[in-house]
Amino acid sequence: MENVTAMNIVRDTLSLNLSDPRVVAGGTARASWIFADEPITSDKYPIIELNKLKSDSNIISMGDTDYCDHTLLYITVWFSSKNGFKVTIDGTEYKNSQLVEYYLGKIGETLKSKFNVLFNQGVGGYRQLSSEKVAYDPNTQLYYGAVQIRVWYFKF
């Protein structure tokens, strides 16, 4: 496995298990709204963007025929939404910073609850490290926040 594969597994797990807020708000489904270190092809928000922070590797064994290392991949998972966008979920309306906080929580819950899916695809571990404070950029009119996660895998 490589870092890009691990990031794509995280992206795809989120994509399959999180509801697109635009659809929840009554809009049409989008081809993609979650991106992993790739150009963002949607001009419609909200979106999720995964960015690689760093990667560390520890050698486990090195021999004549096998080489194994344990790789730790650190990812920042951003959620961004336009000012004023709102959804109602289970009778509660979420917009702006509340919507960002809600989805940051759902990102962490989803990855934790779908750990078996991650593991079956080669991601050996998952941990949420921290959550960033929600911020607002008046120039872009975006509310945004992030969770930092760590996943790991073995490379043989």
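Our subject is the structure listed above.
Here is a short report on the structure shown in this document. (Residues numbered from 1 in each chain as written. Predicted model: local features only at pLDDT ≥ 70, side-chain atom pairs only at ≥ 80, totals over all residues. Heavy atoms only, no water.)

**A look at the nonpolar core**
Now for step 1: Grouped together as the largest cluster of nonpolar side chains are 34 residues, with contacts concentrated most on L14, I48, L50, V77, I107, I149 and V151.
Now for step 2: Contributing elements (two or more residues each) for this core: helix 1 (3–17), strand 1 (34–36), strand 2 (47–62), strand 3 (67–82), strand 4 (86–89), helix 3 (97–113) and strand 8 (142–155).
Now for step 3: Apart from residues lying up to four places away in sequence, V151 is in contact with A6, V10, T71, L72, L73, I75, V123, G125 and Y126. (Core = buried A, V, L, I, M, F, W, Y, C linked by side-chain atoms within 4.5 Å. Buried < 20%, exposed > 50% of the residue type's maximum accessible area, 1.4 Å probe, protein only. Helix = DSSP H or I, 4+ residues; strand = E, 2+ residues; numbered from the N terminus. Contact = heavy atoms within 4.5 Å.)

**Details of the packing of aromatic side chains**
Now for step 1: All told, the structure shown has 7 aromatic pairs when counted by the stated rule.
Now for step 2: Seen from their ring centres, W78 and Y144 are 6.1 Å apart, and the 50° between their planes marks the pair as tilted. A residue pair is termed long-range when its members are at least 10 positions apart, and W78 in strand 3 and Y144 in strand 8 qualify at 66 residues.
Now for step 3: On the accessibility criterion, W78 (28% relative accessible area) is partly exposed.
Now for step 4: With a centroid separation of 5.5 Å and an interplanar angle of 80°, the aromatic rings of Y102 and Y103 are classed as edge-to-face.
Now for step 5: By relative accessible area, which is 22% here, Y102 ends up partly exposed.
Now for step 6: The exposure class assigned to Y103 is buried, which follows from its relative accessible area of 3%.
Now for step 7: Three or more aromatic residues joined by ring pairs make a cluster, and in this case those are W33, F79, Y94, Y102 and Y103. (Phe/Tyr/Trp six-rings, centres within 6.5 Å; stacked < 30°, edge-to-face > 60°.)

**Points about a nonpolar patch on the surface**
Now for step 1: Residues I60, F154 and F156 make up a contiguous nonpolar surface patch of roughly 370 Å² in combined accessible area.
Now for step 2: With respect to the element layout, F156 can be found in the segment after strand 8.
Now for step 3: When its relative accessible area of 76% is taken as the criterion, F156 is described as exposed. (Patch = residues over 30% accessible without salt bridge, like charges linked within 9 Å, V, L, I, M, F, W, Y side chains within 5 Å. Areas by Shrake-Rupley, 256 points an atom, 1.4 Å probe, with all protein chains shown as cover. Salt bridge = Lys/Arg side-chain N within 4 Å of Asp/Glu carboxyl O.)

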